[in-house]
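# Results of the structural survey
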Amino acid sequence: MTTRRRTFPLVPSRRPQGTPFGERRSARRGRGADVAGTRPYVAGDPVATIDWFASARLSSARGGDEFVVRETYAEEAPRVLLVVDRRPSMSLYGDDLPWLSKPATVAAAADAIARAAVAARAELGHADAAGGRAHVLSPGAVSPRHVLERVRRAPFDAQDGSLARTLAALLNRRSELPQGSFVFILSDFLDPAPPGLWSRLRSALWDVVPVLIQDPTWEQSFPDVSGVVVPFAGADGGEPALVRLLPVEVAARRSANEARRDELLRRFGTHGFDPVVLGSSSQATVDAAFLRWAERRRLRRRRR
């Protein structure tokens, strides 16, 4: 029996006002469910917008037929942006190795986020620095299918600092990313961003969601390979070097990697970001991680 795939809901960190999320209230007036006010009837107004009780009271007070119509706030779909780190370390590891394939994990996460955006009637966009420059597809500029195609095909050839530069460039495009937009950042975060950047992202009042993609064996921790000759190679494809580590060196690396991960999560929490941690490329496992993220947000909002 095939298990039906579940799509996680886009749960905003702040409780939305007015209509249910997915049909967010706009500042402008138009078709919607949230009442903005009333005005006198004008020929051509839909009969369904007439406020019959208000019209009856006004007609009684003025001694003639007077009609009043309700004006509502327009309903706008949320906006979702996928930001993908394209540094070479995100190209690890190959499908022929027993460790985490970050490209496959990025593709699985992007697919889960795209499904959530479609379910919420959200506009989906994408940003990365593949090819050496920031490349931004504004939400709604292309279909979700084109966004996923970009995620799968773009190379991992960006320089160190490229993720930070891409995020900084987004701060100059706030008209395309209004307050409350979801910004999912897919990265291993092994290239630290300037501390002030996270504060600036928070000040934009976006729903920033770091998606931490690290191999559980070599990056989130470190295995006991003391006394074993292990080939180590850089993500840039250089020749591997044979290394033999002492037990104390293995312990130091494990402690450093775990501390780095914990510090990342602590820093995200300090800025009010609720991260998703992925250590598997399995679509079912990735879907489950995002479902848990959404449930955490729901529970947190109920306590407020």
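Within each chain, residues carry numbers counting from 1 in the order of the written sequence. Only residues with pLDDT of 70 or above have their local features reported here, since the model is predicted, and side-chain atom pairs are shown and tallied only from 80 upward, although totals for entire chains, interfaces and linings are computed over all residues. In computing side-chain properties, one takes all heavy atoms of the structure into account and sets aside hydrogens as well as water.

The next point concerns the nonpolar core. Nonpolar cores are built from buried Ala, Val, Leu, Ile, Met, Phe, Trp, Tyr and Cys residues. Side-chain atoms within 4.5 Å join them into one set. For each residue, the accessible area found with a 1.4 Å probe, counting protein chains only, is set against the maximum for its type, and the residue is called buried under 20%, exposed over 50%, and partly exposed in between. Residues Phe 8, Phe 184, Leu 186 and Phe 290 are the most contacted members of the largest nonpolar core, which totals 37 residues. When residues of this core are traced back to their parent elements, those giving at least two are strand S4 (79–84), helix H2 (102–119), helix H3 (144–153), strand S7 (182–187), strand S8 (207–213), strand S11 (276–278) and helix H7 (283–303). Among the elements that make up this core, the one with the highest residue count is H2 (nine residues). Contact between two residues is taken to exist if any of their heavy atoms lie within 4.5 Å; hydrogens are not considered. Excluding anything up to four places from it in sequence, Phe 184 contacts Phe 8, Leu 10, Val 80, Leu 81, Leu 82, Val 83, Ile 113, Val 209, Val 211, Phe 290 and Trp 293. Listed in part, the 24 residues of the second largest apolar core include Phe 189, Ala 204, Phe 268 and Phe 273. Every helix listed is a DSSP run of H or I at least four residues long, and every strand listed is a run of E at least two residues long, numbered separately from the N terminus.

Salt bridges, as used here, are contacts in which a Lys or Arg side-chain nitrogen is within 4 Å of a carboxyl oxygen on Asp or Glu. Summed over the entire model, instances satisfying the criterion amount to 20 salt bridges. Across the salt bridge formed by Arg 5 and Asp 287, the nearest N and O atoms sit 2.7 Å from each other. Of the two residues, Arg 5 is situated in the segment before strand S1 (24–29) and Asp 287 in helix H7; the sequence distance between them amounts to 282 residues. Among the residues examined, Asp 287 registers a relative accessible area of 9% and is labelled buried. Here Arg 296 makes a salt bridge to Asp 274, at a shortest N to O gap of 3.3 Å. With Arg 296 in helix H7 and Asp 274 in the loop between helix H6 (247–270) and S11, the pair connects residues that are 22 residues apart, well separated along the chain. With a relative accessible area of 33%, Arg 296 lands in the partly exposed category. Classification of Asp 274 by relative accessible area gives buried; the value is 9%.

Among the seven residues that make up S8, seven are buried, leaving the element largely enclosed by the rest of the structure. Of the two faces of S8, the one carrying Asp 207, Val 209, Val 211 and Ile 213 and the one carrying Val 208, Pro 210 and Leu 212 are both buried. Only strands joined by at least two bridges in the DSSP assignment are considered to pair. One ladder, built from six bridges, connects S7 with S8; its direction is parallel. In the sheet register, Val 183 faces S8, and the bridge partner there is Val 208. Two elements, S8 and S11, share three bridges in a ladder whose sense is parallel.

Moving on, we get to the layout of surface pockets. Of the two site types, the cavity is a set of points on a 1 Å grid over the protein atoms alone where a 1.4 Å probe fits but cannot get out, and the pocket is an open set with protein on both sides within 12 Å along at least five of seven lines, each lined by residues with an atom within 4 Å of a point. Grid points are joined across faces, edges and corners, and a volume is the space filled by probe spheres set on the points. In this structure, the largest pocket encloses a volume near 620 Å³. Along the wall of the largest pocket there are 20 residues; nearest its centre are Leu 92, Tyr 93, Trp 218, Phe 232 and Ala 233. Every element with two or more residues in the lining of the largest pocket is listed here: strand S9 (229–232) and H6. When residue character is reported, Ala, Val, Leu, Ile, Met, Phe, Trp, Tyr, Cys and Pro are called nonpolar, Asp, Glu, Lys and Arg charged, and the others, Gly included, polar. For the lining of the largest pocket, a count of residues per class yields 13 nonpolar, four polar and three charged.

Remember, this is a structural readout, not a statement about activity or role.
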